[in-house]
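# Chains, contacts and geometry: an overview
These are the residues of each chain, in order.
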Amino acid sequence: MERCCCGLLTVKEEPVPLKSVEVEVEVRDHVATVVSTLNYENQEDNPLEAVFVFPLPGDAAVCHFSAKIGQTEIVAEVKEKQNAREEYDDALSSGREAFLLQESEESPDIFSLSVGCLPPKESASIRLEYVIELAVQADDGLRFCLPAVLNPRYQPQGSGDEGDDNIRVTSIPSTEIPYTLSFCARVSSPRPVVKIESNCSLDPLQYLNKEQTQATTKLAAGHKFDRDVEVLIYYKDAHQPTAVVEAGEASAKPGTLMGDPAVMLSLYPEFPQSVMSSVASCGEFVCLLDRSGSMDSSLNNSENSQTCIESARDTLLLLFKSIPMGCYFNIYSFGSTYEHIFPKSVEYSQKTMEEALKKVGEMEADLGGTEILQPLEHIFSQPCIQNQPRQLFVFTDGEVFNTKEVIDLVKRNSHLHRCFSFGIGEGASSALINGLAKAGGGHAQFITGTDRMQPKVMQSLRYALQPAVIDVSVSWDLPKNVSVSVLSPPITAVFQGQRSLVYGQLSGQIPEAAEGSVTVKYTLAGQPSQNQFNFSLKPAEDSGLTVHRLAARTRIRSLEMENRESDDREDENIKKKVVELSVQSGVSSVFTAFVAVNKSDGEAIQGPLVRRDVPTPMLMSCGMSGPPPRPLAYSCAMTRCAISIEPELLCMDDASLPVDGLQPYDPSSAPDEGQMIQCASSGGPLPFRIVGMDELSVPSEPRVDPMLQLVSLQKASGSWDLDPALAAAVGKTTAEVEKQKPAPANQEVWATILSLIWLSGFQMDARDEWELLAMKAVSWLRAQNASHVEECVDAGNALLGCKVQKDALGL
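First, a word on scope: everything that follows refers to the structure included in this document. (Residues numbered from 1 in each chain as written. Predicted model: local features only at pLDDT ≥ 70, side-chain atom pairs only at ≥ 80, totals over all residues. Heavy atoms only, no water.)

### Re the side chain of serine 345
Tracing the backbone shows serine 345 in the loop between strand 23 (338–340) and strand 24 (346–347). When its relative accessible area of 15% is taken as the criterion, serine 345 is described as buried. Within polar-contact distance, the side chain of serine 345 engages the side chain of glutamate 284 at 2.6 Å. Excluding anything up to four places from it in sequence, serine 345 contacts Glu284, Val286, Tyr328, Phe329, Asn330 and Ile385. (Helix = DSSP H or I, 4+ residues; strand = E, 2+ residues; numbered from the N terminus. Buried < 20%, exposed > 50% of the residue type's maximum accessible area, 1.4 Å probe, protein only. Polar contact = N/O pair within 3.5 Å; in protein donor to acceptor, adjacent residues only side chain to side chain. Contact = heavy atoms within 4.5 Å.)

Here is the structure:
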């Protein structure tokens, strides 16, 4: 089997009982509480079982699940998963309304919600609540993502689907989703909210107080299910360490996590400036690029947008022009199989760089599925190069089935490398992208909407070029008779400006107005350093149990990983700990599920139970994880209708569409405009709507990015040659460039300075993308002890019409 039972199934013939989804988000500083209300209505004559498989953030702590039918509210309990399933099945067989919410056993960002025995003409309202930490982006924004798109997850051949046979994803194109989404967010922080941005249209931000520390916004009317809802929140002075102490639950037993106070520390270690001003000049850079069929989709669904694979090719060009001389590198690509450019990592030089980038330029999304495990195993089997720390860059749209297995592999090899991951496009699995970075001691980035991939990747390269932090330790100084049990795994990765979260359970008598402190010690570039942070132990007011639930989620995830790493795959002792903590805290886990049964004294519901799969939105262009479809057109001369499909298909009442080019009109087989047809594929029938020819856009020639044109000419050393291609890249003729060159100046020096002036003069908005390769160019110029630099700067400004100062170039 090639796919995780995900197909594209039309819902045209059967009503969908889910009518609307309402999402309310409350963000407090860097933690969000998310409440989703799903409104169901059974319009049929028989009782229904409605099954909805949908994505959630991979690190969310699901902590509440309830259902309301008429005036009856049923609050679900967390139970061991098998027991919960049996209770749900028993309720259905007895004709009672029942509800089951469970996490996928292979990927923590996929949940299945079953609404069982919903009576005819009855409505139900399902409330689902979770809490989540917001990740810090490279530009200091806090990222909240509401996953809406669930693309089919590729399942490797022969892996089977045991353990997840109860979860079947039903997806249809986002334009066909029959239910609506409303979304609103309220943000509060001790620091002013500077702005809120989104990849979706939001209503204007409204401040709720004069200090601007509270604000609210919501999705603009007419939002379509064509993307995940991403919200970026920016605070003033965001990089401040904070601590939140939360009182335990009054009804919980003292000595348990929920009964004792809990603390959440948000730490931002500051590195010495002397270390930060230097950039590492060594390292083994290994890139792993997804070339599955889904990477051929548009990056942001806009007209003339690059495909994911095109953007990735441009990004690798920038990346490999920016790494320092003396490093080693290799590039792997993967789909159903994997390839590498070199048998093993090679030293970075002009020859190896040219060879690699030539092959990168030829890469297409043509390697089939998304089997990432095998290339990772091969990379980790390669011996490390002495004094060249390995930096792994993974680019993928994140549509894999065996997420936990992949993350576990990276975790087991984390002592050999740092992993920087990039989720490309809508529907990328947050569990995979965040999990790779967390397990590999690196940093995760998401490229969605109109984002450019290049600045995000270059930011991660800056992190990779920071010296590795080793020997990290966290020590606590607390009042007498107060102790802490740390619930977070040890901190292994620390980057300048990046947050580290630590959760702890406090025990003992905490005095009034007591204070504690935490000291983070580490070694950086052979230099011991430390940062200390003092905080109040007074519990925060009105924080609910958010900290406790996040702490429980953190501990549960650690125990689940211990279980997977155990020699005994089903370590009963660890499983028992997870179930106990999950039930006690009310936070879901892979071994538990939420179950709710209506036990009121009503009559059993009569009639045959009918199953209805609620579809999730899926981007049609991202849906295929196989070889990219060969575009074919079927046109109707009279109705001017056309359809673009893949070659292996059957459709329109068993009439086969022609497989070669445009065909003349045949009234016996032509569909009507607006008609839905189904085409067979390996993932299930694909629905297509026939549209008018005037609705089809003709792709124009791709625009050449002038900056990338110039960057492509830079040599591995950091310099540029004076040649016609350089003149064209800066918008001048060869004669103009040669005539303006100061007579005594070296040609290569002149070409390099001219290139730096052009970048500074015309591409300042993209400085994040070219800054590192410009630093390399400046280092090359210094190494030449170049004369006539000032004359070259003046001549370059005169030629290009710029006013760039010598100091601004770093010269």
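Past the structure itself, the notes keep going.
### Some points on unusual backbone geometry
The backbone phi angle of aspartate 29 is positive, close to 60°, even though this residue is not glycine. For aspartate 29, the position within the fold is in the loop between strand 2 (18–28) and strand 3 (31–41). Within the chain, alanine 513 stands out as a residue other than glycine whose phi angle is a positive 55°. By the secondary structure assignment, alanine 513 is in the loop between strand 30 (500–507) and strand 31 (515–524).

### Some remarks on the side chain of serine 719
With respect to the helices, strands and loops of the structure, serine 719 is situated in the loop between helix 11 (706–711) and helix 12 (724–729). Only 3.1 Å separates the side chain of serine 719 from the side chain of serine 717, close enough to count as a polar contact. Apart from the residues lying within four places of it in its own chain, the contact partners of serine 719 are Gln714, Glu748, Thr752 and Trp780.

### Quick look at the sheet that holds strand 28 (residues 469–477)
The antiparallel open sheet is built from three strands, whose spatial order is 28-31-32. Strands with a single pairing partner mark the edges of an open sheet, and in this sheet they are strand 28 and strand 32 (527–536). With strand direction ignored, the average angle separating the axes of adjacent strands in the sheet is 15°. For strand 31 and strand 32, the ladder comprises 10 bridges, and the chain directions are antiparallel. In the sheet register, glycine 516 faces strand 32, and the bridge partner there is phenylalanine 535. (Pairing = 2+ DSSP bridges. Axes fitted to C-alpha atoms, helices over the stretch in contact; angles between N-to-C directions.)

### Overview of the nonpolar core
One finds Phe393 and Phe395 to be the most contacted residues of the largest nonpolar core, which totals 81 residues. Considering each element in turn, this core owes the most residues, nine residues, to helix 14 (residues 747–762). Other than its neighbours up to four places away in sequence, phenylalanine 395 contacts Cys287, Leu288, Leu289, Asp290, Thr315, Leu316, Phe334, Phe422, Ile424, Met453 and Val457. Formed by 60 residues, the second largest nonpolar core is a distinct cluster that contains Val115, Tyr130, Phe183 and Phe594. (Core = buried A, V, L, I, M, F, W, Y, C linked by side-chain atoms within 4.5 Å.)

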